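Coordinate inspection notes
Listed here are the chains, written in short residue letters.
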Amino acid sequence: MLTDSNYLEIWNLTKSFPTPKGPATVVKGFQLNVARGEFVSLIGHSGCGKSTVLSMIAGLSEPTSGGIILAGREIDGAGPDRGVVFQAPCLLPWMTAFDNVLLGVQQVKPDASRAEQGDIVKHYLELVGLADAIHKRPAELSGGMRQRVGIARAFALSPKMLLLDEPFGMLDALTRLELQEVLLEVWSQHQMTAVMVTHDVDEAVLLSDRVVMMTNGPEAQVGEIVKVPFARPRDRIHLMETTAYEDVRDELLSFLEERAHIKPSIPTTDEDARPAPAAGSTVSC
Amino acid sequence: MKRFPFDWLALPLVGLIAVGLLWVISCSTWAPNLPSPVKTWEMSRPYIVEPFAKRGELDQGVLRFTWYSLILVSKGYFIAILIGTPLGFLLGSSKTLTMMFDPIIQFLKPVSPLAWLPLGLVLFGKSEPAALFTIALCSMWPTVVNTAVGVRAVPQDYLNVARVLKLSKFKTLTKVLFPATLPYMFTGFRLSLGIAWLVIVACEMLIGTPGVGGFLWQEYNSLIYEHIILCILTIGCVGFILDRLMGIVERRFAAA
Ligand SMILES: Nc1ncnc2c1ncn2[C@@H]1O[C@H](COP(=O)(O)OP(=O)(O)O)[C@@H](O)[C@H]1O
Ligand SMILES: [Mg+2]
């Protein structure tokens, strides 16, 4: 039954790729529930299978076994009910920022008038701070601005959930901080269920309600889950001054440094693994 | 001080003078039948100073002949593009089709226009359709091959966008595949045009229609060798200009 606590249900997810030496199982038995309106980060060492998990949620690749249920329905292929922000913004270079976002809006609101669609596009581009660059092509935009368009495109779909794969991984440190703020701001206005892959511990803590740490591959799975108990709206500066922030951060780092290679025999269900509910919902693993 | 344009002006001029010298020396030594540059100019004068004159079916100004040739070439070339582009898209988007037809294409590509034209005459009976058949068949391949390569080279990222947004087949084609392939297509178009122009001359020589090629062959038969050189120079000029024009178009699309 669909409750708010298992809006996204990932069940025993396994993915193998065929290789010359037989199938390589990258992810095995990945198990996770995400509550409606919750922001979850997926963190783990490079190559452990984070993108693999995310692209299966996006429907861009097929699970070898196991299933993913979003809002009571099993995921079958990609679709605009999941807004995806890719690592490279993946804008179509022959279209302006406006047209790139419009392409998606037309898909989810095919019956709206051209003017209504245009208003939606403008609204989201303004929201990410691109009011002045609406009619520019990607080539005329900086990397940070392009990723803003990518964010606007995902939000403009009004999707059931948001999937972000290291969305700021290709940006310089300053732009990255700036865009984290943008994402935080836009997200807090929509409270959209989100799963974000990152390898930046601070980014994960700032944005998430829970941080899911993956064990090292092959056969990666959920290692530990840390809840991030800070109230929203969050402010980076204030957050970083608290000792609780240090505690969460240390926990993540110590997992990545010391325990990521240990396979848990049973899925973690202890109190720490219980999620920090967003907007009063409860989540169980 | 402005630098003397040594590279792009002086060097080509030196080359030109060298070839001119070779010409002059040749026609006064081992090639007595080769008209000298001066003779060529004298004989060609009426065709150049009155480029659009029409004194008879096969006695017209050089630009008028060029115009006829260009019309024929553009007809054949458009047939080539019209067939070649969709064919390239099909081959590029289907591995099965590629495996089926790639060997045949590799096999047909090197067949000379001189070989196709008789077959065209057999098939269509008349000379113009046969010429178009030959031009289209010979010039199609660069468009087919480059379009197919372009479709295969469309970044997975763009295709993922299409999948995530669940674009229809038609929208994926018009909004993603087509624009992403455009630079490759135009490279194909440019190469195809070059071949079409190459083929037209051979075609006209064989079927004797008025045009630069037809004129060349007729003047050879009438022993007016100066006009052969006039035709060769005209063909080269036109080919060069066409290539440059297409190059400009191609660069525009590559930049977009
Ligand atoms: N299409 C594929 N075929 C074979 N192996 C793959 C494929 N995609 C990913 N992998 C392998 O799966 C592992 C996890 O990759 P990925 O999910 O991209 O890692 P991450 O995003 O955590 O850095 C890597 O070892 C990678 O080589
Ligand atoms: Mg990755």
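Let me sum up the structure you'll find in this document. (Residues numbered from 1 in each chain as written. Chains lettered and ligands numbered in written order. Predicted model: local features only at pLDDT ≥ 70, side-chain atom pairs only at ≥ 80, totals over all residues. Heavy atoms only, no water.)

1. Considerations on the overall build of chain A
Counting its regular elements, chain A contains 8 helices and 10 strands. The C-alpha radius of gyration of chain A comes to 19 Å, within 12% of the 19 Å expected for a compact globule of 285 residues. With respect to the three principal axes, the spread of C-alpha positions in chain A is 55 × 50 × 40 Å. Out of the 285 residues belonging to chain A, those deemed buried represent 55%. (Helix = DSSP H or I, 4+ residues; strand = E, 2+ residues; numbered from the N terminus. Rg over C-alpha atoms; globule rule 2.2 N^0.38 Å. Buried < 20%, exposed > 50% of the residue type's maximum accessible area, 1.4 Å probe, protein only.)

2. What to know about the packing of aromatic side chains
Under the defined criterion, the tally for this structure stands at 11 aromatic pairs over all chains. Summarising the aromatic geometry, the rings of Trp94 of chain A and Tyr158 of chain B are spaced 5.4 Å apart at their centres and angled 85° between planes, so their arrangement reads as edge-to-face. Note that Trp94 of chain A is positioned in the loop between β6 (82-85) and α2 (97-108) and Tyr158 of chain B in helix α7 (residues 156-164), a pairing that runs across two chains. There is no split in this pair, since Trp94 of chain A and Tyr158 of chain B are both buried. Relative to Phe133 of chain B, the ring of Trp116 of chain B has its centre 6.3 Å away and its plane inclined at 85°; by these criteria the two rings are edge-to-face. Pair noted here: Trp116 of chain B is in helix α5 (residues 113-124) and Phe133 of chain B is in helix α6 (residues 127-152), with a separation of 17 residues, a long-range link. Of the residues examined, Trp116 of chain B reaches a relative accessible area of 12% and is grouped as buried. Linked through ring pairs, Tyr47, Phe65 and Phe215 of chain B together constitute an aromatic cluster. It is Arg55 of chain B that lies over the ring of Tyr47 of chain B; its NZ or CZ is 5.0 Å from the centre. (Phe/Tyr/Trp six-rings, centres within 6.5 Å; stacked < 30°, edge-to-face > 60°. Lys NZ or Arg CZ within 6 Å of the ring centre and 35° of its normal.)

3. Observations regarding the pattern of salt bridges
This model, assessed by the stated rule, comprises 12 salt bridges over all chains. Notably, a salt bridge pairs Arg190 of chain B with Asp243 of chain B, separated by 3.4 Å at the nearest N-O pair. In this pair, Arg190 of chain B sits in helix α8 (residues 169-207) while Asp243 of chain B sits in helix α10 (residues 225-255), placing the two residues 53 residues apart along the sequence. Salt bridges sharing partners connect three or more residues here, namely Asp81, Arg82 and Lys160 of chain A. (Salt bridge = Lys/Arg side-chain N within 4 Å of Asp/Glu carboxyl O.)

4. Some details on the sheet that holds strand β2 (residues 24-34) of chain A
Residues and elements named next belong to chain A. Sheet architecture is open: 4 strands sit in the order β2-β1-β4-β5, paired in antiparallel fashion. Edge strands, defined here as strands with exactly one partner in the open sheet, are β2 and β5 (73-74). Judged from the 2 bridges that link them, strand β4 (residues 65-70) and β5 form a sheet pairing that is antiparallel. Paired with Ile69 across the bridge in β5 is Glu74. Strands β1 (8-17), β2 and β4 of the sheet are contacted by helix α1 (residues 50-58), whose axis makes an angle of about 120° with β1. (Pairing = 2+ DSSP bridges. Contact = heavy atoms within 4.5 Å. Axes fitted to C-alpha atoms, helices over the stretch in contact; angles between N-to-C directions.)

5. A look at the interface of chain B and chain A
How large an interface is tends to be reported as the accessible area lost when its parts come together. Listed per partner, the contact involves 15 residues of chain B and 21 residues of chain A. Regarding the contact of chain B and chain A, the summed buried area is about 1700 Å², with carbon and sulfur atoms giving 69% of it. Seen at the junction of chain B and chain A, the total is 0 salt bridges. One can count 6 residue pairs in polar contact (both at pLDDT 80 or more) joining chain B with chain A. Put simply, the parts of the chain that give the side of chain B that touches chain A at least two residues each are α7 and α8 of chain B. Residue contributions to the side of chain B that touches chain A peak at 6 residues, all from α7 of chain B. (Buried area = accessible area lost by both parts, 1.4 Å probe. Polar contact = N/O pair within 3.5 Å; in protein donor to acceptor, adjacent residues only side chain to side chain.)

6. What to know about the site of ligand 1
Residues and elements named next belong to chain A. Near ligand 1, the surroundings consist of Phe17, Val26, Ser46, Gly47, Cys48, Gly49, Lys50, Ser51 and Thr52. The backbone of Lys50 places a nitrogen or oxygen atom 2.8 Å from an oxygen atom of ligand 1. Side-chain polar atom of Ser51 to an oxygen atom of ligand 1: 2.6 Å apart, as the coordinates give it. If ligand 1 stood free it would expose 560 Å²; the protein chains cover 55% of that surface. Of all the elements, α1 adds the most residues to the shell around ligand 1, at 3 residues. (Near = heavy atom within 4 Å. Areas by Shrake-Rupley, 256 points an atom, 1.4 Å probe, with all protein chains shown as cover.)

7. What about the nonpolar core?
Ranked by internal contacts, the top residues of the largest apolar core, which has 97 residues, are Leu8, Phe30 and Ile57 of chain A. Top element by residues in this core is α8 of chain B. It accounts for 15 residues. Excluding residues within four positions of it along the chain, Leu8 of chain A makes contact with Leu32, Asn33, Val34, Ile57, Ile68, Ile69, Leu70, Met161 and Val195 of chain A. (Core = buried A, V, L, I, M, F, W, Y, C linked by side-chain atoms within 4.5 Å.)

8. Thoughts on the sheet that holds strand β10 (residues 222-227) of chain A
For sheets, the rule is that strands pair by backbone hydrogen bonds, running either parallel or antiparallel. Residues and elements named next belong to chain A. Strand order in this open sheet of 6 strands is β6-β7-β8-β3-β9-β10, and the pairing throughout is mixed. Looking at the sheet topology across the chains shown, the edges are occupied by β6 and β10. In this sheet, neighbouring strand axes are inclined to one another by 15° on average, regardless of whether the strands run parallel or antiparallel. Inspection of the sheet shows strand β3 (residues 39-43) paired to strand β9 (residues 210-214) by 4 bridges, in the parallel sense. Residue Ser41 lies in a different strand from β9, and its bridge partner there is Val211.

9. Digging into the pairing of strand β7 (residues 161-165) of chain A
Residue and element names in this part refer to chain A. Extensive coverage of β7 is indicated by the burial of 5 of its 5 residues. Along β7, one buried face is formed by Met161, Leu163 and Asp165 and the opposite face, lined by Leu162 and Leu164, is buried too. Where β6 lies against β7, 4 bridges are found, and the strand directions are parallel. Following the sheet pairing, Arg82 is matched in β7 by Met161. The parallel pair β7 and strand β8 (residues 193-198), bridged by helix α5 (residues 173-190), forms a crossover whose chirality is right-handed. (Right-handed = clockwise from strand over helix to strand, strands pointing away.)

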